Amino acid sequence: MTDIPDPLPALREICLAFPEATERLSHGEPTWFVREKKTFVTYANNHHDDRVAFWCAAPPGTQEELVAEDPERYFRPPYVGHRGWLGVYVDVEVDWAEIAEIVDQAYRMVAPKRLVAELDAG
């Protein structure tokens, strides 16, 4: 796993590309918010186990589907998993286009309609 480059810069770039997205530490980890209020992605760097991942909001049913399909890449994160949030391991080879789609869905789950409309228009 040491051959995998640090995923944080790539994840940060994806998250901060969304309208009114901001980053700050929350519970000791980099976390991305919409309008400084609503979390849509949080980084998990060995915080709860020995894996590097991120947790994000997800459309209903997505967590169950992806975890069943590929439990080596996806998991039900602690604390927020019961709300349907998705855990995504990034200490393995990842498809950054797929990660961007997952983050896009997370943003859309928590962003106000006006910001989603801005995203769609952009």
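Residues numbered from 1 in each chain as written. Predicted model: local features only at pLDDT ≥ 70, side-chain atom pairs only at ≥ 80, totals over all residues. Heavy atoms only, no water.

Further remarks concern a negative patch on the surface. Together, Glu65, Glu69, Asp95, Glu98 and Glu101 make up a region of like negative charge exposed at the surface. Secondary-structure elements contributing two or more residues to the negative patch are α2 (62-69) and α3 (96-110). Within the fold, Glu98 resides in helix α3. Its relative accessible area of 33% is what places Glu98 among the partly exposed residues. (Patch = residues over 30% accessible without salt bridge, like charges linked within 9 Å, V, L, I, M, F, W, Y side chains within 5 Å. Areas by Shrake-Rupley, 256 points an atom, 1.4 Å probe, with all protein chains shown as cover. Salt bridge = Lys/Arg side-chain N within 4 Å of Asp/Glu carboxyl O. Lys, Arg positive; Asp, Glu negative; His and termini not counted. Charge placed at Lys NZ, Arg CZ, Asp CG, Glu CD. Helix = DSSP H or I, 4+ residues; strand = E, 2+ residues; numbered from the N terminus. Buried < 20%, exposed > 50% of the residue type's maximum accessible area, 1.4 Å probe, protein only.)

A few words now on the nonpolar core. Judged by nonpolar contacts, the single largest core of 38 residues is most densely connected at Leu11, Phe40, Val41, Phe54 and Val103. When residues no more than four places from it in sequence are discounted, the contact partners of Leu11 are Trp32, Val41, Tyr43, Phe54, Trp96, Ile99 and Val103. (Core = buried A, V, L, I, M, F, W, Y, C linked by side-chain atoms within 4.5 Å. Contact = heavy atoms within 4.5 Å.)

With that settled, the discussion passes to the packing of aromatic side chains. Taken as a whole and judged by the stated rule, the model has five aromatic pairs. Between Phe18 and Phe40 the ring centres are 6.1 Å apart and the planes differ by 75 degrees, which places this aromatic pair in the edge-to-face class. One end of the pair, Phe18, is in the loop between α1 (8-16) and β1 (21-26); the other, Phe40, is in strand β3 (residues 38-45), and 22 residues separate them in sequence. No difference in accessibility class separates Phe18 from Phe40, as the two residues are buried. Taken together, a centroid distance of 6.4 Å and an interplanar angle of 45 degrees make the contact between Trp55 and Tyr79 tilted. (Phe/Tyr/Trp six-rings, centres within 6.5 Å; stacked < 30°, edge-to-face > 60°.)

Before going further, it helps to examine the packing of α1 against α3. The geometry of α1 relative to α3 is characterised by a closest axis approach of 10 Å and an angle of 40 degrees between their N-to-C directions. One element, α1, and the other, α3, form an angle in the oblique class. Seen from above, α1 lies across α3 with right-handed handedness. On α3, the residues touching Ala10, Leu11, Ile14 and Cys15 of α1 are Trp96, Ile99, Ala100 and Val103. (Axes fitted to C-alpha atoms, helices over the stretch in contact; angles between N-to-C directions. Parallel < 35°, antiparallel > 145°, perpendicular 65-115°, else oblique. Left-handed = near helix turned anticlockwise from the far one by under 90°.)

Among the secondary structure elements, Arg51 is positioned in the loop between β3 and β4 (52-56). Owing to a relative accessible area of 16%, Arg51 belongs among the buried residues under this scheme. Among the polar contacts made by the side chain of Arg51, one reaches the side chain of Asp91 at a distance of 2.7 Å. (Polar contact = N/O pair within 3.5 Å; in protein donor to acceptor, adjacent residues only side chain to side chain.)

Moving on, we come to the pairing of β1. Pairing between β1 and strand β2 (residues 29-34): six bridges, direction antiparallel. When the bridges of β2 are listed, Thr22 appears paired with Phe33. Here β1 folds back onto β2 in antiparallel fashion, the turn holding two residues, of which His27 has a positive phi close to 55 degrees. (Pairing = 2+ DSSP bridges.)

Let us look at α2. Residues spaced three or four apart along an α-helix face the same direction, because each turn holds 3.6 residues. Residues of α2 that are buried include every one of Thr62, Gln63 and Leu66, and no others. For α2, the angular spread of the buried residues around the axis is 95 degrees, confining them to a single face. Exposed and facing more than 90 degrees away from the buried side of α2 are Glu65 and Ala68. Buried residues along α2 sit in contact with β5 (74-75), β6 (86-89) and α3. (Arc of directions from axis to C-beta.)

Any functional reading would require information that these geometric values do not contain.
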